[in-house]
Structure formats: C-alpha cells, structure tokens
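Fold and contact review
Spelled out, the chains give:
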Amino acid sequence: MKSVLVVDDVDDARQLVRAALEPLGHTIVEAAGGVEALEILDAGDEFGVMLLDIRMPDLSGFEVIEQMRERSHLSRVPVIMFSAHADRGTANRALEAGAVAYLEKPYRLGELVDLVGTHAV
Amino acid sequence: MTAPYPADMSEPLAPALAEAWPAVVDAAHELVLALDLDGTVTRANRAAAELTGFPTADLEGRALGDLAAGGGDRLEIAFRTALAGRVGQTGAVRFTGRGADVVVQVRVAPLRAATDETDEPGEIVGAVLCGRDLTEISETQRSMAEMGEMLRRLQELGRVGLWAWDVASDTVQWSAEMHRIHGVAPDEFGGTLRDHLAVVDPDARAGVEAALRRTAESGEPFAEEFSAAGPHDGGVWIQARADLRTDDADRVVAVQGIHQDLTERYAAEEQMRAALERERQAVEELQEADRLKDEFLDTVSHEFRTPISIVSGYAEVLLRDVEANGVGSNLRAPLEAVLRNARHLHQMVAQILDMSRLDAGRVMVAPERLVLVDVVAAALDDADEPLRAGEILVDVAGELEVHADPMAMSRILTNLLTNAAKYSDGATRVEVAAEPDGDRVVVRVTDQGGGIPADRIETLFDRFVKVERPDQSEGFGLGLTIARRFAELQGGAMWVESTESVGSSFFFSVPIWQES
C-alpha cells in the first residue's frame, strides 16, 4: 500500500489523520505547507493518495493543485482536498481544480477512512 | 343774441351750418353746456345729459355749482376764468352719470355777443363749457399701470431681470430687478455693454461677451449660465437668455434678454445633491460593513471548525481504539461526551453561518434528483448520539424521488431530527415518514415528546424562539427558522401539528421528481 501524503499547516490536524489511518496500515508522510508538499512530490516519491488542506499560509491548496498540474504530479496522485470551509462553492471549486473528492472539516472518521480507501491507488 | 358755440371761433358759420349746429353739437361725444353770466345752464347737448346724469330738460335752468358730484369748486373757478375772458380748464371733475362715477375734464370758454366789427371782441354774455370723458382713458392708464406693476412683481418673484443692449449706440438698459439681482444701484450703472459685462464673473466674461456679439451679428439665440456679482458676497448664479430684435426693415434694433437668478435653486439642488451623496456613502459604508461581517463570520466559522474537527476527530479515533483493543473501556462514556459536545458546538457554528447567509440572500439551492430514503438515511447517520439511542422508525418508500438540494435536505432533516431527539427523551420513538401529495412529497418527523403549548406554535419558526424545557436550554433557537427557510428556498413549505404530552409532528413539503 502506497503512503498517504497529508498536507496541512495545523500540526494537530496532521496528527489526527496519522492517528486515524496508521492503525489501518497506511503509512503517513506529512507536509506542513504547500511548498514542502511540492518539494516532496518533486523528489519523486510515489503516494497512494494526497490529503490537501486549502487554507495554508505559504501556498493555498488551490495553488498547490495548480502547481501539481503544471509539474505533472496530478496525474500520478489522486488529491482529496479538505478544509474547514463549509460552503458548496469551495467543494465545487475543489472538484473543478482537479481534486477527486472534497472533505469538510469536521469530518466523520468513517468518511475519511472510506474516501482514502476508495481513492488510494 | 347768444350763439350756442364758442364765440372765439374765427370764421362766421355759413347760415346752413348755423342752422344745423345744434344737431352737430348734440351728436358730439363731448359734453357741451351753454351758461349765462350767473352760471345757469341755458343749453345742454345729449352727451351732457348722459355724463351728468340729469335729463336735458332738468339741466337747463340748473346752476353750474349743482351739477358736479365732486370738484364743483374747480368748475366754478374755470367759469370765473371764462367770464374774465380767458379759457378756464379743470382737472378731473366727477359727475354721477350713467349710474356710475364719470370723470370729466372740462374747459370753459367765454361766450361773446356777435359784433359786426371783426377785430373787436364782443361783450361777454356767458360761457360755453366743454367736457371730455376721461373715465375710459383713465381706466386704460390704470390697467397699463397695473400691468407694469405685475411685470415688476413678476420680475421680482421670478428673480428675473430684463435688459436690452442697443448695439448701434452701445447702450444697455436694465430693469429695476437687474439692479437688485446684481446689487448695482441705478446711478452706479454706466449703461454700456462694458458696464453690463462688469457684473459677470471675470472667468466667464470673455465667453459671455463673445456669445452676445455672436447673437448681435448672426441672430443666434444667446443662452449662458455663469456666476456674477450680486448684492451679497458669494455672488449669484445667473441663467441668461437673449435674442435679437429687429425693426420692420430687418435692421438690428437691440439684443434683448433676461438674467434669471438661480442662486437659491442651485443652493437647494446643491443641498439635495449633498444629501444624496451622504446617503450613497452611508449605503456604501453599510454594504462594506455587511461584507466585513460576512467575511468575519466566514473566518470565525472556519477558525472554530478547525479545532472542533480535531477534538471530535480524536474522540472518534480513541473510541474506535477502545472498541478495537478492549482497553480503557471506562473512557468510553467520557469520550462519547466529548464527541457529542464537539458535534453540538459544530452544529451551533453551522447555524450561525447558515442564518447569516440566509439573511444575506447568499444561499443558493441547486435542486437535483434525489432518492428520498437515501437522504433520510444520511441524515440519521449524521444525527446526534441521543437520537441513535432511541427507536427510529423510517417509513419512506424506496421509489420516492424528490427534486431537491442535498445540502438543504440535510440541513432540514438534521435540524428536525435533532429537535425531535432534544425535545423527547432519547429512549422514545421518532418516526420519519413520507407521502406523495400531487406534485410534492410531504415528509413528516414525529416525536413522542412533551408537545408544544398551543400559544407557542405560531411563533415556533421565528428565530431565537425555543420551547423551554426545565432540563434543557441548549441551542440558539435558530434550528427551525433555518429548516423552514431551506424548505422554502427549494420550493416547499414547513408546518407543525402538536398535542401537549402526546408529541409533535413537523411536516415539510418538497417538489417530487418528475421526468421532464
């Protein structure tokens, strides 16, 4: 099973994903911002799925996914965007930008597990 | 012998004319009386009877002094003058003729006896009085004076001054109102075009002069607006118009025009503009404040959701681990409490944001084809823990499909189910049922709670209204308001039926899915 790349500027939010997914056998790689996430992807590691927060101080999730498209990462790793934005506009925008799914925070544990299980390659 | 005509007439009358003379005198519009030396009327023509108001027969033999209704002493003086050999003239003498006052101007001439020697005047034997009716003339004068006064008032009230520029002589005449408008006394006004233009604001003067000269040369109408000297500091705002006057031979006579003082109107318009501008700014500020509020609420909501998601997420992860490992089962109840409260907090944040967006009209619904029973199942999945503890009865036919917005449906059902759980004890039954009704589906959520007092039902859907229960007071009282607004937004309605101590049923309608 390939690793899961978690991109979120909030440490606790990354730790929560780790705590939720590691017991199910996933390996977690963390990035605390968009720039770090792109560096990790540029390094060539393969990921089964990427969880990408939207509101981050260095690069927004939308900027990250745009960069990923330009650097041809988007075709290699499915992106699930997640965010505490609770409006349909954000969800639609995420899907239009190329995410395979959008997860609203706070999410149910079951939702996270199901989405990662469904989309991980 | 006395002759019935003024004796200073130089040519003797032809005999035929002399014979006809009384008839001629009778035909005259002028009053004619012959008087003897005592001032007694000896002859009177028809006009005399009309103007004095006495019949001709009454007039003859009457004393001159008895005839006038006013100014009789003047008649007397004129008569004495005539007896002294000169022509006496009066100002206005009033008679009471034609049933009204008649004003007559009178001349009295001496009447002399005829003599054969033409260069010797004859002896004065009486006098002839001729009177001209001034009544109509004075009325014409009065109405002209009245019109003049009206014109003056018109200029004053309309703040319009009249002026005329005689191009050939370069003289400019101003009406009284022109002097008042520009605060230039008549004796200060030089009366040339240069003086006329001196009141115009220096910045506009050259333009106004050029336009005036164009009018004088080409006849093009003159219409300018400019600021000008006025009676007070700050001047006046003038709207000027003029055109060319020519005589019958098409020669230029003058440029005639007006200056209308629009200062007051402009001040009022300026005030109006300023008030509108202030209002526009206030609206803009309010809109900006509203936008900032929305932005603030979005941020607050986002900032709350992030920690809530971590609290509820860890509670779920830990509960799962407790289940899986069987260790720390004493933590289950506290973790469930943490999870329940985190979700409640989340719901309250969501309600505030929903209400704010609904108020701002920023909620758009996008109805789509939904299988109703799936929507209900998802809402139950999301429902709070206490609801899960009770018995839930779902009676929704699997084939029922609605044309609804998933997010709106979720908000409606979550609010109704949470309410049902909150206001009934967790252990009682909650029923969700749906029935098609024409082009809609009516969904019903029934609880076995304490019911709603009849006097509260009407205001139940108003915001901040809560049916108080002694043991529970959580929440804002926004849930039902939001649920109804969402129901209405997607083309349905929401209502309630309730019996105290039996329970409540909340209904909402939603358009049924129809293949188009």
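Check the entry above for the structure.
One structure accompanies this document, and this report is about it. All figures in this text were calculated on a predicted structure; none of them were measured in a lab.

Criteria and cut-off values
Residues numbered from 1 in each chain as written. Chains lettered and ligands numbered in written order. Predicted model: local features only at pLDDT ≥ 70, side-chain atom pairs only at ≥ 80, totals over all residues. Heavy atoms only, no water. Helix = DSSP H or I, 4+ residues; strand = E, 2+ residues; numbered from the N terminus. Buried < 20%, exposed > 50% of the residue type's maximum accessible area, 1.4 Å probe, protein only. Contact = heavy atoms within 4.5 Å. Buried area = accessible area lost by both parts, 1.4 Å probe. Salt bridge = Lys/Arg side-chain N within 4 Å of Asp/Glu carboxyl O. Polar contact = N/O pair within 3.5 Å; in protein donor to acceptor, adjacent residues only side chain to side chain. Pairing = 2+ DSSP bridges. Axes fitted to C-alpha atoms, helices over the stretch in contact; angles between N-to-C directions. Phe/Tyr/Trp six-rings, centres within 6.5 Å; stacked < 30°, edge-to-face > 60°. Lys NZ or Arg CZ within 6 Å of the ring centre and 35° of its normal.

Residue and element names in this part refer to chain B. Structurally, Ser505 can be placed in strand β17 (residues 503-511). Residue Ser505 is classed as buried on the basis of its relative accessible area, which comes to 12%. Here Ser505 is in contact with Arg444, Val445, Thr446, Trp495, Val496 and Glu497, once residues within four sequence places are set aside.

A few words on the interface of chain B and chain A. Each partner contributes residues to the interface: chain B has 25 residues there, and chain A has 23 residues. For the pair chain B and chain A, the summed buried area comes to about 2000 Å², and 57% of that belongs to carbon and sulfur atoms. The partner of Glu303 of chain B in a salt bridge is Arg55 of chain A, and the shortest N-O contact between them spans 3.6 Å. Our count for the chain B to chain A interface comes out at 7 residue pairs in polar contact (both at pLDDT 80 or more). For the side of chain B that touches chain A, the secondary-structure elements that each account for two or more residues are α9 (263-325), α10 (332-359) and α11 (372-382) of chain B.

Residues and elements named next belong to chain B. One open sheet accounts for 5 strands, arranged β7-β6-β10-β9-β8; its pairing is antiparallel. Edge positions in the open sheet fall to β7 (171-174) and β8 (222-228), since each of these has one partner strand only. Averaged over neighbouring strand pairs, the angle between their axes works out to 25° when direction is ignored. Here strand β6 (residues 160-166) pairs with β7 via 4 bridges, running antiparallel. Considered in β7, the bridge of Asp166 is made with Thr171.

Under the defined criterion, the tally for this structure stands at 6 aromatic pairs over all chains. Seen from their ring centres, Phe461 of chain B and Phe506 of chain B are 6.4 Å apart, and the 85° between their planes marks the pair as edge-to-face. Of the two residues, Phe461 of chain B sits in the loop between α14 (454-457) and α15 (479-489) while Phe506 of chain B sits in strand β17, which places them 45 residues apart along the sequence. Neither Phe461 of chain B nor Phe506 of chain B differs from the other in exposure class; each is buried. Positioned above the aromatic ring of Phe62 of chain A, the side-chain terminus of Arg93 of chain A is 3.9 Å from the ring centre. Lying across the ring of Phe82 of chain A, Lys105 of chain A places its NZ or CZ 4.4 Å from the centre.

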